[in-house]
Amino acid sequence: MASPSSLFSEEQCHCSICLDVFTNPVSIPCGHNFCMCCIGGYWKSSAMYQCPMCKKTFYKRPDISINTVLREIAEQFRGMRGSAPEERVEPLSEDTAEPRLEDPSPGQPPPPPGDRVPCDVCTGEQLQAVRSCLVCLTSYCDEHIKTHNARFTKHKLIAPVRNLEDRMCKKHERLLELFCRSDQTCVCVLCIETDHRAHYTVPAERAWTEKKTQLKKTEADVQQMIQDRQRKVEEIRQCVELSRSSTQGEIDDSMQVFSALVRSIEMRQAKLTEELEEKQREAERRAEGLIKELEQELTELQRRSTELEQLSRTEDHLHFLQTFPSLCTPPHTRDWSDATVHTDACVGTVRRAVSQLEETLREEMDKLVEMELKRMQKYAVGVTLDALTANPWLQVSESGKQVRHAGTWQDLPDGPERFDTVVIVLGREAFDSGRHYWEVQVGEKDDWYVGVAKASVNRKGRIAVSTAHGYWALAMKKGHYKVSSGPPLLLTLHPRPRQVGVYLDYEEGQVSFYDVKARSHIHTFTDAFTEKLQPFFYLYCCDKASDSITISPFPETPPTKQC
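Residues numbered from 1 in each chain as written. Predicted model: local features only at pLDDT ≥ 70, side-chain atom pairs only at ≥ 80, totals over all residues. Heavy atoms only, no water.

A few words now on the overall build of the protein chain. Within the protein chain one finds seven helices and 23 strands. Relative to its 563 residues, the protein chain shows a buried fraction of 32%. Long-range contacts, defined as pairs at least 24 residues apart, comprise 59% of the intrachain contacts of the protein chain with a sequence gap of at least 6. As displayed, the protein chain has an accessible area near 35,500 Å², and 53% of this comes from carbon and sulfur atoms. (Helix = DSSP H or I, 4+ residues; strand = E, 2+ residues; numbered from the N terminus. Buried < 20%, exposed > 50% of the residue type's maximum accessible area, 1.4 Å probe, protein only. Contact = heavy atoms within 4.5 Å. Areas by Shrake-Rupley, 256 points an atom, 1.4 Å probe, with all protein chains shown as cover.)

Right under this line is the structure:
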C-alpha cells in the first residue's frame, strides 16, 4: 500500500491559517479545509462568514464537521515528523525554483494608517500585513510570513494588498498569471484553452515589464503636458495682468474723455445761461425804453386832454377861436401797432449750443476711432484669397492678395467650394476664435461687398447676401452704401471710403467696418457666432474690366497672443 507521503505532499496537509499540519480538519461548503479552531477563530474576528482562501461569503455560519480521512492523513504526517529529526526546509535553487514575485517597490514606505492591510491569519487583534501570497490568496503579518516562507518556497509574494480574490479568474478560480494582448486583459491558464484560445498571450510579468516601458513614455508625455499647461497658466495669468493694466488704461482714458466732455458741457451750459440772461436783460431794457416813451406820450396826451376840456368850458368866443386851431391839431405820436416785446427771446439758442457740443463730441469720437484702429492693427492677419472658391468670372492673383473681374467666363473645375453663379470669393483663413483685422482697398468701384461669411454658406445658384444667410458685410451698390442686415440699412458716407478696415472679434460677436483714410467708424454688427467665419469679397463687372479689389499688406509682425 502506498504511504501517505507518496499520495500527498506535506504542504497539502497544512492549514492556510496556522500554517501547520491540520488539527481536527474541517471542510467548509466551498471545499477548502482548515483546522476547526482556526476557522472558528477567523470567523469570530470577522464581520462576515467568509472563506480565507477563495473569499466566498456565506449568508449564515456553515455547518461544519471534522474530515476524518484528512485528519488521519494529517496525524500520520505528524507522526512521521515526530519520528524523524526535523529538517530545515531550504529554498529551491534558482534553476529549479519558480521565480518569486517580490514587491516591485522595496524601498517604498509603508502605506498610511488608513490604507493598512490586516493580516488574514491573526485570530485576535489583526496585525498589519507585510506581504500577500498570490497562491494562498492570504495576507500575512511579520510573524506569520516567516512560517509561510519556511514551508512554501514556491509561492509568490507581493506587497500587501486588499481584495486578493480580484487576482483570481472569476470563471476558473485560477490565478491570473497571463496577459491577453488581443483583449488587453489578464487571464488564467484555463482561459487560453477556452475563450482566448486563438489569442496572443504572454506571461503577466512580461506584459508588466513591457507596460512599464510604455508607462515611462506615457509619464514623459504627461509631464510634458503638465509643463505645457503650467506655461499656459502662466501665460494666461500674464494676459490677465496685461488685461488689467489695459482695462485700467481704458478707465483712465474714459475718465479723461468724459471729464473733458463734462467740462465742455458745463462751460457750454454756463455760456448758454449767460447768453440767455443777457438776452433777457436786453429784452427788459427794450421794454423799459418802450414803456418810458409810451409814458411820455401819455403825459402829453393827458395834458392835451385837459386843455381841450378847459377850452370846451370857456365862454370867451374870441379866446376859443384863437386857441382851437392849435388844440385840434393831433399831437405828434408814434404808431404803436407793431411795437411789442417777444415772450420767446431765445429761440434757437439752445439748439445752437447743443450743436456746438455735437461738434465737440464728434472730435472726441474721431480721437477714439484713431485709438481703436491703432489697437486693432495689433490683430492684423495676412488674409489671402482662396482661388478654389472664386466664381469663374473672377480672377485671383498668384499672390492671393487681389481679385479682378475677368470680363469673360473662365473654364474652371466646378468643385463643391466654388461659387457658380454669384461673383464671390472667400479667404483661405477660417476663424473660430480670437480677434482679427485686415484692410481692403476698394478704390472707386461702385458695386462690391466686403466682410465675413460662414464657412457653410451656400455656394451654388442665386444667393442673398444678408445676415440671415450667414453674411456680415458692407456694400456699395450703384452709389449707395448699405450693410447686409435684414432689411438692409442704408448709410450716408462722406467722403466715400477708398480703403475699408474689417475687424472681427469672435468671442464678443462683433464685426466692425472702418474708413481707414478718414479714420472713422462706419458700422458694427453684433451677433452670436457658432461656426467658422471666412473673409468674404464680392466684385461685380464694372465699367473697367481691370477694376479689382486688393487686400492691403501689413508689415510682418509676430501674431498677437490671444488670451
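So, next bit.
Moving on, we get to unusual backbone geometry. Glycine aside, the phi torsion of most residues is negative, and most peptide linkages are trans. Cis geometry is adopted by the peptide bond preceding Pro-487, which originates at Gly-486 and carries an omega value of -5°. That bond from His-494 to Pro-495 is cis: its omega, 0°, falls within 30 degrees of zero. Structurally, Pro-495 is set in the loop between strand E18 (489-491) and strand E19 (499-505). Unlike most non-glycine residues, Asn-24 shows phi in positive territory, near 50°. Looking at where Asn-24 falls in the secondary structure, it is placed in the loop between helix H1 (4-7) and strand E1 (25-27). Classification of Asn-24 by relative accessible area gives partly exposed; the value is 34%. Although it is not a glycine, Gln-184 sits at a positive phi angle of roughly 55°. With respect to the element layout, Gln-184 can be found in the loop between strand E8 (178-180) and strand E9 (185-187). Judged by its relative accessible area of 45%, Gln-184 is partly exposed.

Pairs of packed helices are described in terms of their axes, by the angle between the two and the distance that separates them. Where helix H5 (residues 204-313) contacts helix H7 (residues 349-376), the two axes come as close as 10 Å, and the packing angle between them is 165°. With respect to their mutual orientation, H5 and H7 come out roughly antiparallel. Once H5 is placed against H7, the crossing between them reads as right-handed. Where H5 abuts H7, its residues Glu-250, Asp-253, Val-257, Leu-261, Ser-264, Ile-265, Arg-268, Leu-272, Glu-275, Leu-276 and Lys-279 lie against Thr-349, Val-350, Ala-353, Gln-356, Leu-357, Thr-360, Leu-361, Glu-364, Leu-368, Met-371 and Arg-375. In the contact of H5 with H7, the residues fall into 11 nonpolar, four polar and seven charged. (Axes fitted to C-alpha atoms, helices over the stretch in contact; angles between N-to-C directions. Parallel < 35°, antiparallel > 145°, perpendicular 65-115°, else oblique. Left-handed = near helix turned anticlockwise from the far one by under 90°. Nonpolar A, V, L, I, M, F, W, Y, C, P; charged D, E, K, R; others polar.)

Per the counting criterion, the structure on display carries 11 aromatic pairs. Between Trp-393 and Trp-409, the ring centres sit 6.1 Å apart and the planes meet at 80°, which makes this aromatic pair edge-to-face. With Trp-393 in the loop between H7 and strand E11 (394-396) and Trp-409 in the loop between strand E12 (402-405) and strand E13 (424-426), this pair connects stretches of sequence that are 16 residues apart. Between Trp-472 and Phe-529, the aromatic rings sit 5.2 Å apart at their centres with planes inclined by 85°, giving edge-to-face as the arrangement. One end of the pair, Trp-472, is in strand E16 (residues 471-477); the other, Phe-529, is in the loop between strand E21 (520-526) and strand E22 (533-539), with 57 residues separating them in the sequence. The same class applies to Trp-472 as to Phe-529, namely buried. Each residue in the set Tyr-449, Tyr-471, Phe-536 and Tyr-538 is aromatic and connected to the rest through ring pairs, giving one cluster. (Phe/Tyr/Trp six-rings, centres within 6.5 Å; stacked < 30°, edge-to-face > 60°.)

What follows covers the side chain of Gln-534. Note that Gln-534 resides in strand E22. Reaching out from Gln-534, the side chain makes a polar contact with the backbone oxygen of Gly-427 at a distance of 2.8 Å. Setting aside chain neighbours within four positions, we find Gln-534 in contact with Leu-426, Gly-427, Arg-428, Glu-429, Ala-430, Gly-451, Val-452, Ala-453, Ala-455 and Arg-459. (Polar contact = N/O pair within 3.5 Å; in protein donor to acceptor, adjacent residues only side chain to side chain.)

Attention now moves to the sheet that holds E8. Spatially, three strands are ordered E9-E8-E10 in an open sheet, and the strand pairing comes out antiparallel. A single partner strand is all that each edge strand has here, and the edge strands are E9 and strand E10 (201-203). In this sheet, adjacent strand axes meet at a mean angle of 35° when their direction is disregarded. Sheet analysis places E8 next to E10, joined by three bridges and oriented antiparallel. Bridged to Phe-179 within E10 is Val-202. Docked against the sheet, H5 engages E8 and E10, running at close to 90° with respect to E10. (Pairing = 2+ DSSP bridges.)

Scored by pLDDT, the protein chain has a mean of 82; 88% of the residues are at 70 or more. Overall, residues 84-110 carries pLDDT values under 50, and its contacts beyond four positions in sequence, including any with other chains, amount to 26 contacts. (pLDDT = per-residue confidence, 0-100.)

For the pair H5 and helix H6 (residues 317-328), interaxial distance at closest approach is 11 Å and the crossing angle is 155°. Taken as axis vectors, H5 and H6 run roughly antiparallel relative to one another. Here H5 and H6 pass one another in a crossing that is left-handed. On H6, the residues that touch Arg-304, Glu-307, Leu-308 and Leu-311 of H5 are His-319, Phe-320, Thr-323, Phe-324, Ser-326 and Leu-327. Of the residues belonging to the contact of H5 with H6, the class tally is five nonpolar, three polar and two charged.

A few words on the sheet that holds E13. Taking strand neighbours across the sheet as the criterion, the six strands line up as E13-E22-E15-E16-E17-E18 in an open arrangement whose pairing is antiparallel. At either margin of the open sheet sits one strand with a lone partner, and together these are E13 and E18. Going from strand to strand, the sheet's axes swing by 20° on average, the running direction of each strand aside. Alignment of strand E15 (residues 447-454) against E16, held across seven bridges, turns out to be antiparallel. Bridge pairing in E16 links Ala-453 to Tyr-471.

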